[in-house]
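Given next are the chains, with one letter for each unit.
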There are 2 protein chains.
Amino acid sequence: MRVRVTVMLKDGVLDPQGEAVRRALGTMGFDGVQGVRQGKLLELDLADGTSRDEVRAMCDRLLANTVIESYAIEMPAG
Amino acid sequence: MRVRVTVMLKDGVLDPQGEAVRRALGTMGFDGVQGVRQGKLLELDLADGTSRDEVRAMCDRLLANTVIESYAIEMPAG
């Protein structure tokens, strides 16, 4: 079972990596780039039947730092 | 206009970061984690009317290393 977890810095948390990308794009001549936020994307191959609660536990304990990051879980229904 | 770009290592390219996450999850007692791939997620705030071709150019020139990475663009239709 393929599960996707996206982890982003929360709004209000400074994102120097995204800011560096924004500036670089401007320098390269791409106009109109107003903001960039960079996060992580994790694709997990899990045993069938793994529950959303278990994936949430993985996020809370390892994949995200919930003080400064929020996460979203996309998994097959059922 | 909010555009999402996901960048993942291509299949067959070694992903030590993902592998480290897989092992860590196993060590923490999460069974059934068969594989983990880690990628980047970029959320771009772009001027309305920016074309998909322009976003593709940003990916090809800066956001992804297309030798080893593939990318996907999600943007509002139109």
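By convention here, each chain's residues receive numbers from 1 onward along its written sequence. Chains carry letters and ligands carry numbers; both start at the beginning, A for chains and 1 for ligands, and go up in the order they are written. With pLDDT at 70 or above as the cut-off, local features in this predicted model cover only qualifying residues; side-chain atom pairs require 80 or more to be listed or tallied, and sums for whole chains, interfaces and linings still use all residues. Only hydrogens and water are set aside; all other atoms, that is, all heavy atoms of the structure, feed into the side-chain values.

Here the focus is the confidence of the model for chain A. As a per-residue measure, pLDDT tells how confident the predictor is, with possible values from 0 to 100. On average, residues of chain A score 96 in pLDDT, and 99% of them are at 70 or above. Both confidence scores are given for the complex: pTM 0.92, ipTM 0.90.

In this analysis an axis means a line fitted to C-alpha atoms, helices contributing only their contacting stretch, and an angle means the value between N-to-C directions, from 0 to 180 degrees. In this description a helix means any DSSP run of H or I spanning at least four residues, a strand means any run of E spanning at least two, and both kinds are numbered starting from the N terminus. Two elements in contact, helix 1 (residues 16-27) of chain A and helix 2 (residues 52-63) of chain B, have axes separated by 11 Å at closest approach and are oriented at 110 degrees. Considering the angle they form, helix 1 of chain A stands roughly perpendicular to helix 2 of chain B. Residue-level contacts link A:Val21, A:Ala24 and A:Leu25 of helix 1 of chain A to B:Met58, B:Leu62 and B:Leu63 of helix 2 of chain B. For this scheme, ten residues count as nonpolar: Ala, Val, Leu, Ile, Met, Phe, Trp, Tyr, Cys and Pro. Four count as charged, namely Asp, Glu, Lys and Arg, and the remainder, Gly too, count as polar. Considered class by class, the residues forming the contact of helix 1 of chain A with helix 2 of chain B number 6 nonpolar, no polar and no charged. Any angle from 65 to 115 degrees is called roughly perpendicular, while one under 35 is roughly parallel, one over 145 is roughly antiparallel, and all others are oblique. For this analysis, residues touch if any pair of their heavy atoms sits within 4.5 Å.

Let us look at the interface of chain A and chain B. Taken together, the 30 residues of chain A in the interface contact 30 residues of chain B. Here the buried area means the combined drop in accessible surface, using a 1.4 Å probe, for two parts upon being joined, counting both sides. Approximately 2,800 Å² of surface area, both sides summed, lies buried where chain A meets chain B, with 64% of it carried by carbon and sulfur atoms. On the chain A side of the contact with chain B, A:Met28, A:Phe30 and A:Leu41 bury the most area, a combined 19% of that side's loss. Any Lys or Arg side-chain nitrogen found within 4 Å of a carboxyl oxygen on Asp or Glu counts as a salt bridge. Where chain A meets chain B, there are 0 salt bridges. Between N or O atoms, a polar contact is any pair within 3.5 Å; within protein, one atom must be a potential hydrogen donor and the other a potential acceptor, and residues adjacent in sequence are included only when both atoms are from side chains. On inspection of chain A and its partner chain B, the count reaches 10 residue pairs in polar contact (both at pLDDT 80 or more). Elements supplying a minimum of two residues to the side of chain A that touches chain B: strand 1 (2-9), helix 1, strand 2 (33-46) and helix 2 (52-63) of chain A. Classifying every residue of the side of chain A that touches chain B by side-chain character gives 17 nonpolar, 6 polar and 7 charged.

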